[in-house]
Amino acid sequence: MATAKSTSYPRLATLLTLGVSAVVLCTVLSALLLVDHFAKNYAQKEAEQRLQQVAWQMRDALDQVMQKSVSDVQLLAQLNEIKDGKDPADVRRILDHLQHNFSDYAWIGLADPEGKVLASTKGMLEGQDVSKRPWFIEGKKALYAGDYHPALLLQKLLPYSVDPWRFVDVSIPVYNSDGKLRGVLGVHLSWNWTRNLVQNILVPADKQYAAEIMVAREDGTVLLGPLKMEESKISPNSLMLSRSGKSGVTEEVWEGPQKYLTAYTMSGQARNYPPCNGAYWCASPRMLPWLVCITCSVKS
């Protein structure tokens, strides 16, 4: 007579243990995925906020230095020694004093109405004709702020610099006490001051996010940034967005497949100039609309 074959089944306690373990494992995995998701979102939002703050800092610093330069030439133009002084040495002494106190002024000079330099810092270009230079042509008409440009007449006279000399100009007409045009006062602001700004502003963000600052013209020409990009033209979406005058943060591809967070803003929107004091003061210069981008290499 054949005996029935016995079949063994898992015990109920074992099944319960396996079930509970599976539930716990799924719960832990879900919690880890949820925490990872929120951690990534938090890290990205924190990076966006920090980058936007750095962009605003750079924009404000650019505007403040330009406003200081405008204020300086306006004040100089009202000094009796500048308006009516006959001795070039007296004028030169005042200009040298200003340059000593603000060394980023690479050159300051006073030219007569025909464009001959009467007096200048360290005597550079004295007696030379600057009548064809934009700072003189425009400064003869009204207060003027000129955009980034290479050194031409001063290149061989200025001290050696690792970075090529580049300037931003501010100029103003000078009238003597009788109301006649005395000449044009011009300041060449060395672009090196922007590099110093970057070093001061970017250090904390650079250490945390490996961030980079770029400053460009409205036409996309890079005025400040990685050396391989400077004075070349770029057209990322962030620059197009910044042209509207708004600020924000966007994701975009700069090089390769990697996406970067980019904070953007536009300088030159401040209008904190001294009040008008005479007919020729009322024409404020256009603020230079530089576009500021801060890129962050953190993966989004």
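Each remark here, short or long, concerns the structure printed above.
A separate point is the overall build of the chain. Helices and strands together make up the secondary structure of the chain, namely 6 helices and 10 strands. By the burial criterion, 47% of the 300 residues in the chain qualify as buried. For the chain, long-range pairs separated by at least 24 residues make up 60% of all intrachain contacts whose partners lie at least 6 apart in sequence. Here the chain has roughly 16,400 Å² of accessible surface; of this, 57% comes from carbon and sulfur atoms.

A few words on the nonpolar core. Within the largest apolar cluster, 48 residues are counted, with the highest numbers of intra-cluster contacts made by M58, L185 and I294. Sort the elements by how many residues they give to this core and helix α1 (residues 12-76) lands first, with 12 residues. Contacts of I294, omitting those with residues within four sequence positions, involve L51, V54, A55, A211, E212, I213, L261, T262 and A263. Core analysis: the second largest hydrophobic core is formed by 16 residues, W107, A111, Y144 and L154 among them.

Before going further, it helps to examine the pattern of salt bridges. This model, assessed by the stated rule, comprises 9 salt bridges. For the salt bridge of K68 with D72, the shortest nitrogen-to-oxygen distance reads 2.7 Å. With a gap of 4 residues between them, K68 and D72 both fall in helix α1, about one helical turn apart. Note on D72: relative accessible area 13%, which makes it buried. The partner of E126 in a salt bridge is R92, with the nearest N and O atoms 2.8 Å apart. Of this pair, E126 sits in the loop between β2 (117-120) and α4 (134-139) while R92 sits in helix α3 (residues 88-101); the two residues are 34 residues apart in sequence, bridging distant segments of the chain. Exposure remark for E126: the relative accessible area of 27% places this residue in the partly exposed category. Given the relative accessible area of 23%, R92 is considered partly exposed.

Between its first and last C-alpha atoms α3 spans 20 Å; for 14 residues at 1.5 Å apiece the expected length is 20 Å, and the two agree. Among all positions in α3, only V91, I94, L95, L98 and Q99 are buried. Down the axis of α3, the sector holding all buried residues measures 135 degrees, keeping them to one side. In α3, the exposed residues that point more than 90 degrees away from the buried face are R93, H97, H100 and N101. With a side-chain oxygen positioned 3.0 Å from the backbone nitrogen of A89, the residue opening α3 is D87.

Here the focus is the pairing of strand β5 (residues 181-190). For β5, the tally of buried residues reaches 9 of 10 residues, placing the bulk of the element in the interior. Here strand β1 (residues 105-111) runs beside β5; their pairing, made up of 6 bridges, is antiparallel. Following the sheet pairing, I108 is matched in β5 by V187. As paired elements, strand β4 (residues 166-175) and β5 share 9 bridges and run antiparallel to each other. Of the residues in β5, the one forming a bridge with F167 is S190. Counting the residues that bridge the hairpin from β4 to β5 gives 5 residues, and of these G179 lies at a positive phi of roughly 85 degrees.

Turning to unusual backbone geometry, a few remarks are in order. For K122, which is not glycine, the phi dihedral falls at a positive 55 degrees. Positionally, K122 belongs in the loop between β2 and α4. Its relative accessible area of 62% is what places K122 among the exposed residues. A positive phi angle, close to 75 degrees, is found at L125, a residue other than glycine.

Evaluated as defined, the whole model comprises 7 aromatic pairs. Here W191 and W193 contribute two aromatic rings whose centre-to-centre distance is 6.0 Å and whose plane-to-plane angle is 70 degrees, an arrangement assigned as edge-to-face. Here W191 and W193 have matching classes, each one buried. An aromatic cluster is built from Y148, W191, W193 and W290, whose rings are joined through pairwise contacts. Note that K68 overlies the ring of F102, its terminal NZ or CZ placed 4.5 Å from the centroid.

Cut-offs and rules
Residues numbered from 1 in each chain as written. Predicted model: local features only at pLDDT ≥ 70, side-chain atom pairs only at ≥ 80, totals over all residues. Heavy atoms only, no water. Helix = DSSP H or I, 4+ residues; strand = E, 2+ residues; numbered from the N terminus. Buried < 20%, exposed > 50% of the residue type's maximum accessible area, 1.4 Å probe, protein only. Contact = heavy atoms within 4.5 Å. Areas by Shrake-Rupley, 256 points an atom, 1.4 Å probe, with all protein chains shown as cover. Core = buried A, V, L, I, M, F, W, Y, C linked by side-chain atoms within 4.5 Å. Salt bridge = Lys/Arg side-chain N within 4 Å of Asp/Glu carboxyl O. Expected span 1.5 Å × (residues − 1). Arc of directions from axis to C-beta. Polar contact = N/O pair within 3.5 Å; in protein donor to acceptor, adjacent residues only side chain to side chain. Pairing = 2+ DSSP bridges. Phe/Tyr/Trp six-rings, centres within 6.5 Å; stacked < 30°, edge-to-face > 60°. Lys NZ or Arg CZ within 6 Å of the ring centre and 35° of its normal.

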